Amino acid sequence: MSGRLKAYEGRAAAVAGAGRDPVNAPMIRHWCEAMGDANPAYEGPDAVAPPTMLQAWTMGGLAGHTGRSQAYDELLGLLDGAGYTSVVATDCEQEYLRPLRPGDEITFDAVIESVSEPKSTKLGRGYFVTTRMDVRAGGEPAGTHRFRILKYAPAGRRKQQETKVRRPRPVINRDNAGFWEGVGRHELLIQRCGGCGVLRFPWLPGCNTCGCLEWDTVEARGDGTVYSYVVMHHPPFPAFDPPYAVGLIELPEGVRMVSNVVGVPYDKVRIGMAVRLEFQRYDDELELPVFRADEAAAGGETGVDGEEVT
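A short tour of the structure in this document, coming up. This is a predicted model, so every value here is computed, not measured. (Residues numbered from 1 in each chain as written. Predicted model: local features only at pLDDT ≥ 70, side-chain atom pairs only at ≥ 80, totals over all residues. Heavy atoms only, no water.)

## Brief notes about the sheet that holds strand β8 (residues 199-200)
Piece 1. With antiparallel pairing, the three strands of this open sheet are ordered in space as β8-β7-β9. The sheet terminates laterally at β8 and β9 (215-219), the two strands that pair on one side only.
Piece 2. Taken together, the five bridges between strand β7 (residues 189-193) and β9 define a ladder with antiparallel strand orientation. Its bridge partner lying in β9, Arg192 is registered against Asp216. (Pairing = 2+ DSSP bridges. Helix = DSSP H or I, 4+ residues; strand = E, 2+ residues; numbered from the N terminus.)

## Brief notes about the pairing of strand β11 (residues 244-250)
Piece 1. Both strand β10 (residues 223-232) and β11 contribute to a ladder of seven bridges, which runs antiparallel. For Val231, the partnering residue across the bridge sits in β11 and is Ala245.
Piece 2. Bridge analysis of β11 against strand β12 (residues 256-262) gives five bridges, and the strand direction is antiparallel. Note that in β12 the partner of Val246 across the bridge is Asn260.
Piece 3. Turn length for the β11-β12 hairpin, with the two strands adjacent in sequence and antiparallel, is five residues, and the turn residue Gly254 shows positive phi of about 105°.

## Here's the deal with helix α3 (residues 70-81)
Structural remark: α-helix, 3.6 residues per turn; residues separated by three or four positions point the same way.
Piece 1. Over its twelve residues, α3 extends 16 Å from the first C-alpha to the last, a length consistent with the 16 Å expected when each residue adds 1.5 Å.
Piece 2. The complete set of buried residues in α3 reads Ala71, Tyr72, Leu75, Leu76, Leu78 and Leu79. Projection of α3 onto a plane perpendicular to its axis shows the buried side chains occupying an angular sector of 155°, all on one side. Exposed positions of α3 whose direction lies more than 90 degrees from the buried face are Gln70 and Gly81.
Piece 3. Where α3 is buried, its residues touch α1 (2-6), β1 (12-18), β3 (106-115), β5 (124-137) and β6 (140-154).
Piece 4. Gly83, located one to two residues past α3, shows a positive phi value of around 100°. (Expected span 1.5 Å × (residues − 1). Buried < 20%, exposed > 50% of the residue type's maximum accessible area, 1.4 Å probe, protein only. Arc of directions from axis to C-beta. Contact = heavy atoms within 4.5 Å.)

In structure tokens:
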């Protein structure tokens, strides 16, 4: 097997790829906001892009790239056929050759740089596949991006499925005990500051608006909308069964909370989708608030698509 895989080293993974958009200020701004990077070099008329955005300009988005080589597809197919059907990204290395500026047109080529010998990991036995992407801006070398994945056969998955494992218990302390007491009564309680009246969630010992330590609670109405979401694929923790959707739910009371979105397939969850609170029992001791979407509505909504996270 290793000899067949090694034969793919040095073969193209992508040829004459092109960035979907030129380097541009809006993407730079979004990146800096997400990363909390306020470096003044990334704004203004002489702005450059953060170097670590190198890969961002080459990504194909949810639609993917159409220029992936037959050799790379054959390599992944060979691994799939041998039972190494799962994949996880492990690390990347970048080298920067010149700054990228708004307006730069990005092109790239990629090569299968190496395929490791078989390795045993906690996830399972598999092979590390490293690709090297050479990135150009306006035809000039701009940087190199090495990306490494592990293609593996999951270890002990059947045993996990056969052995029932309890979900982790929530950590209950004096600051949030009232919330969990409410869950036990099928009430979703939101804290209300006794000083300024601002509602807050999650529960805190004091108000982060005025600092008051006095508070009472109001019960959430129970409806809400999906403000944002992710789809969890990896890793497959015991007692969890990915893929599943985790949503940031906006409540009409003006607060947001994180919870599972149930009632529709994970790939039908959308931003703006209406959901309704319910309490789901997982075992004799554990019951949690979740939000159920209308499966009929999921097929006809037109909200903005969210992004899946692996």
